[in-house]
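Secondary and tertiary structure notes
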Amino acid sequence: MPAALVGRESQLTAWDIAIRRISTGRDAQSLVLYGLRGVGKTVLLTRFAQMARDRAWIVAQVEAKSGRSMRAMVGEALHDNLVDLARPGVGVRVLKALKTALSFKASYDSSGTWSFGLDLDDSPGGGADTGTFESDLGKLLRDLSAAAEEGDAGLALLVDEAQDLPEDELIALCSIVHAANQRQDRLVVALAGLPSLPRKLAEAKSYAERLFSYHTVDALTRDDAIAALESPAETEGASWQVDAMDRVIEAAGGYPYFLQQYGQETWNVAPGSPITFHDAQLGVAEGQLALDNGFFRIRWERATSAEKEYLRAMAVDGDRGSASGEVAARLHKKTTALGPARANLINKGLIYSPDHGMVAYTVPAMAAFVQRQESAE
């Protein structure tokens, strides 16, 4: 988590309004956060989760991962909430939700079970083990949201890297949210992902644009970037010289993760307050080295030799994106021949398709890193 979460007031306000409306039995739009990597989407989801927990909500926060079903991820993310619900003397809706959760657990783990210390034999519920994802998850979320209502609360499902969900799971999730809205269930969903996420949702369900409130998470403004640097320093009794802040902000390009890295390294090298331009110069250099050896290199090393050639061909266009045909021309190959490399890079989360026939890096400043690699080699 950043020392100061700034520049995200509109997203935080939208979430606060949504959970407050749901808590009073009114309807609310679920949210979609989209942007490049390093802009703070995961940080926002984590803050959303805490805001919901502060109102005693049931919260499941998961990250979509290749090779793992959302069914299992949601089930395990809810376990601690279910344990907290399982208290002596709870109402019938809570007992029903617990029994449904047990059946949902059985749908993805036949060898394990949960024990809540309550007799659920005569309770209604269950039926979330049909094997149909939409039906099973819908039943679980419906019964849990009803259980949450007993405590004047609600149920929040937060999914990070949502662009990696299989199409059938995205379709199911849209259908579940749509049905929950019609019933006015106490359920709100927040999805976070790359800039391609809104298009993927629209392709999954044509009415997705009405289900969600869409929020771009982008680079910080200059004022917000200044606040991100000044606020933590002030709590430690320190200050920045203006030209020092300007140097860090320029190097970071307004991107929160870079701002954190450069700010932290500058803080580490500064001998005292105020932090000077010289300190910032050293901090930016140290920060760039740390980013190259970590943030960028981790992604670069995931690519095969052929995929690295594709990334190099894209770097000519900088971070604005490249036409697939132009990339093929630079590599003296047909676009169809590069299809597997392009698909693999998308699956690895290194590039995405912002529009038909276009590709772009998923992280800002990746083009400059690729060009530095080319020079070094």
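Okay, so let's go over this structure.

Procedures and definitions
Residues numbered from 1 in each chain as written. Predicted model: local features only at pLDDT ≥ 70, side-chain atom pairs only at ≥ 80, totals over all residues. Heavy atoms only, no water. Salt bridge = Lys/Arg side-chain N within 4 Å of Asp/Glu carboxyl O. Helix = DSSP H or I, 4+ residues; strand = E, 2+ residues; numbered from the N terminus. Buried < 20%, exposed > 50% of the residue type's maximum accessible area, 1.4 Å probe, protein only. Pairing = 2+ DSSP bridges. Contact = heavy atoms within 4.5 Å. Axes fitted to C-alpha atoms, helices over the stretch in contact; angles between N-to-C directions. Parallel < 35°, antiparallel > 145°, perpendicular 65-115°, else oblique. Left-handed = near helix turned anticlockwise from the far one by under 90°. Nonpolar A, V, L, I, M, F, W, Y, C, P; charged D, E, K, R; others polar. Phe/Tyr/Trp six-rings, centres within 6.5 Å; stacked < 30°, edge-to-face > 60°. Lys NZ or Arg CZ within 6 Å of the ring centre and 35° of its normal.

Summed over all chains, the structure comprises 21 salt bridges. Two residues, Glu 161 and Arg 37, come together in a salt bridge whose shortest N-O distance is 2.8 Å. Here the residue Glu 161 occupies a position in the loop between strand S3 (155–160) and helix H6 (167–183), and Arg 37 occupies one in the loop between strand S1 (30–34) and helix H2 (41–54), the gap between them amounting to 124 residues. In this structure Arg 37 comes out as buried when scored by relative accessible area, which is 13%. One salt bridge in this structure joins Glu 203 and Arg 199, with 3.3 Å as the shortest N-O distance. With Glu 203 and Arg 199 both in helix H7 (residues 197–204), this residue pair falls 4 residues apart, about one helical turn. Judged by its relative accessible area of 32%, Arg 199 is partly exposed. Shared partners join several salt bridges into a network, and the residues in it are Arg 93, Glu 149, Glu 150 and Arg 186.

Here we take up the sheet that holds strand S8 (residues 358–361). The strand order across the open sheet built from 3 strands is S6-S8-S7, with neighbouring strands paired in antiparallel fashion. Because the sheet does not close on itself, it has two edges, and the strands there are strand S6 (322–323) and strand S7 (351–352). In this sheet, S8 lies alongside S6 in antiparallel orientation, the contact comprising 2 bridges. Bridge pairing links Ala 323 to Met 358 in S8. Strands in contact with helix H13 (residues 305–315) are S6, S7 and S8; relative to S8, the strand with the most contacts, it is inclined by about 95 degrees.

On to the sheet that holds strand S4 (residues 187–193). Across a sheet, strands are paired by hydrogen bonds formed along the backbone, either parallel or antiparallel in direction. Reading across from one edge, S2-S3-S4-S1-S5 is the order of the 5 strands in this open sheet, with parallel pairing throughout. Two strands lie at the open edges of the sheet, namely strand S2 (58–63) and strand S5 (212–216), each paired on one side alone. On average, each strand axis in the sheet is inclined to that of its neighbour by 15 degrees, with strand direction left out of account. Where S1 and S4 come together, 4 bridges link them in parallel fashion. From the neighbouring strand, Leu 33 faces S4, where its bridge partner is Ala 192. Relative to S3, H2 is tilted by about 170 degrees, and along the sheet it contacts S1, S2, S3 and S4. In this fold helix H3 (residues 70–85) packs onto S2 and S3, with an angle of close to 150 degrees to the strand it touches most, S2.

With that settled, consider the packing of helix H1 (residues 9–23) against H2. Running from N to C, H1 and H2 cross one another at 30 degrees; their axes reach a closest spacing of 10 Å. On the basis of the axis angle, H1 is roughly parallel to H2. Handedness of the crossing formed by H1 with H2: right-handed. From H1, Gln 11, Leu 12, Trp 15, Asp 16 and Ile 19 reach across to H2, where they touch Leu 44, Arg 47, Phe 48, Met 51 and Ala 52. Residues of the contact of H1 with H2, tallied by class, amount to 7 nonpolar, 1 polar and 2 charged.

Here we take up the packing of aromatic side chains. In this description, a pair of aromatic rings is defined by centroid distance and the angle of the planes. For the coordinates displayed, the defined rule picks out 11 aromatic pairs. Both rings, one in Phe 104 and one in Tyr 108, keep their centres 6.0 Å apart while their planes meet at 70 degrees; by these two values the pair is edge-to-face. Of this pair, Phe 104 and Tyr 108 both sit in helix H4 (residues 92–108), 4 residues apart, which is roughly one turn of that helix. Taking relative accessible area as the criterion, Phe 104 reaches 1% and is therefore assigned buried. Residue class for Tyr 108 comes out partly exposed when judged on its relative accessible area of 22%. Ring centres of Phe 258 and Phe 295 lie 5.5 Å apart, and the angle between their planes is 90 degrees; on these two criteria the pair is classed as edge-to-face. Of this pair, Phe 258 sits in helix H11 (residues 256–269) while Phe 295 sits in helix H12 (residues 277–300), and the two are 37 residues apart along the sequence. Overall, Phe 258 belongs to the buried group, its relative accessible area being 4%. Through successive ring pairs, a cluster of aromatic residues spans Tyr 255, Tyr 257, Phe 258, Phe 295, Phe 296, Trp 300 and Phe 369. For the cation-ring pair, Arg 299 lies above Phe 295, with the distance from its terminal atom to the ring centre recorded as 4.4 Å.

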